[in-house]
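What follows is each chain in one-letter form.
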Amino acid sequence: MAVPDIHERVPALGTKIVKQTVKEQVSDKLAYMICSGLLRVGDELPSERELAVTLGVSRETARGAIQTLAARGMVEVSQGARTRVIRADGFALHEAVATLRELKNYTPKTVFDARQVVESAVVRDATQHMSAETLDRLENLLSVQSTLFDDAPAFQISDREFHETIYQSCENPLLARFVSDLYAYALDVRRMAMTQSGAVKRSYEDHLKVFAALKAHDPEAVVAAMASHLISVYNTSLAVMNK
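Residues numbered from 1 in each chain as written. Predicted model: local features only at pLDDT ≥ 70, side-chain atom pairs only at ≥ 80, totals over all residues. Heavy atoms only, no water.

### What about the packing of aromatic side chains?
Step number 1: Scanning all chains against the criterion turns up 2 aromatic pairs.
Step number 2: Judged by centre distance (4.4 Å) and plane angle (20°), the ring pair of Phe112 and Tyr234 falls under stacked. Placement of the pair is Phe112 in helix 7 (residues 108–129) and Tyr234 in helix 13 (residues 219–242), with a sequence separation of 122 residues. No difference in accessibility class separates Phe112 from Tyr234, as the two residues are buried. (Phe/Tyr/Trp six-rings, centres within 6.5 Å; stacked < 30°, edge-to-face > 60°. Helix = DSSP H or I, 4+ residues; strand = E, 2+ residues; numbered from the N terminus. Buried < 20%, exposed > 50% of the residue type's maximum accessible area, 1.4 Å probe, protein only.)

### Side note on the side chain of Ser180
Step number 1: If you trace the backbone, Ser180 turns up in helix 10 (residues 173–183).
Step number 2: Ser180 sits in the buried class, given a relative accessible area of 8%.
Step number 3: Not counting chain neighbours up to four residues away, the residues in contact with Ser180 comprise Glu164 and Tyr167. (Contact = heavy atoms within 4.5 Å.)

### Things to note about helix 2 (residues 22–36)
Step number 1: Between the first and last C-alpha of helix 2 there are 21 Å, a value that for 15 residues agrees with the 21 Å anticipated at 1.5 Å per step.
Step number 2: Taken together, the buried positions of helix 2 are Val26, Ser27, Asp28, Leu30, Ala31, Tyr32, Met33, Ile34, Cys35 and Ser36.
Step number 3: Backbone geometry just downstream of helix 2 places Gly37 in the positive-phi region, at approximately 95°. (Expected span 1.5 Å × (residues − 1).)

What follows is the structure, given as structure tokens:
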């Protein structure tokens with residue numbers, strides 16, 4: 001039986017969902033990051049150990065996911081060196097995923113305004129339903145992020161996990177899915193913005209404020225901290241677009 005294409009398997013892409021192994025989920029998640037421009041050709045992936053910690057899976061699962069990407073021709077695995085992204089074409093996400101394709105028709109300001117509204121609602125709800133386990137997961141991600149100021153690709157992987165982990169605590173799955181799509185808007189631009197001096201550190205510091213408010217279970221503080229973070233994301237991304 002043929003293996004379903006990535007567009008048929010990844011829940012975040014808004015298409016048909018079939019049962020996946022954890023390895024498939026991780027490999028498709030990484031493929032999505034590459035196809036969307038969050039990870040670019042030439043970028044080095046974190047080590048298997050680091051990737052396992054960031055994505056919350058076993059080292060064996062991380063290794064299997066990387067091998068799957070290598071079989072697809074998207075990454076190159078070299079002995080004694082970090083895995084490198086070598087191909088992003090051939091997986092036309094914006095043609096296969098209606099939501100992402102449609103978002104490209106809107107201005108950055110329009111998408112930003114929508115994300116501010118939806119993400120505020122999502123994080124407010126998430127604050128009230130977040131478990132101690134999820135807070136521990138976020139804290140672990142922040143610990144990893146504190147070591148990645150000079151590694152934008154690895155930080156971007158962790159950044160996506162940080163936001164998605166928060167979204168998953170929202171009890172309205174439709175809103176959580178929609179804000180995840182909004183997060184995916186212009187990730188290629190965001191990737192370039194994060195290479196600017198001090199950008200990763202500023203984003204990490206924003207995450208610390210969001211986490212502190214989440215840990216205090218203070219919805220208003222979480223909404224304010226996330227809104228401030230999104231304004232920074234928008235301004236730095238717009239600066240790249242204008243260039």
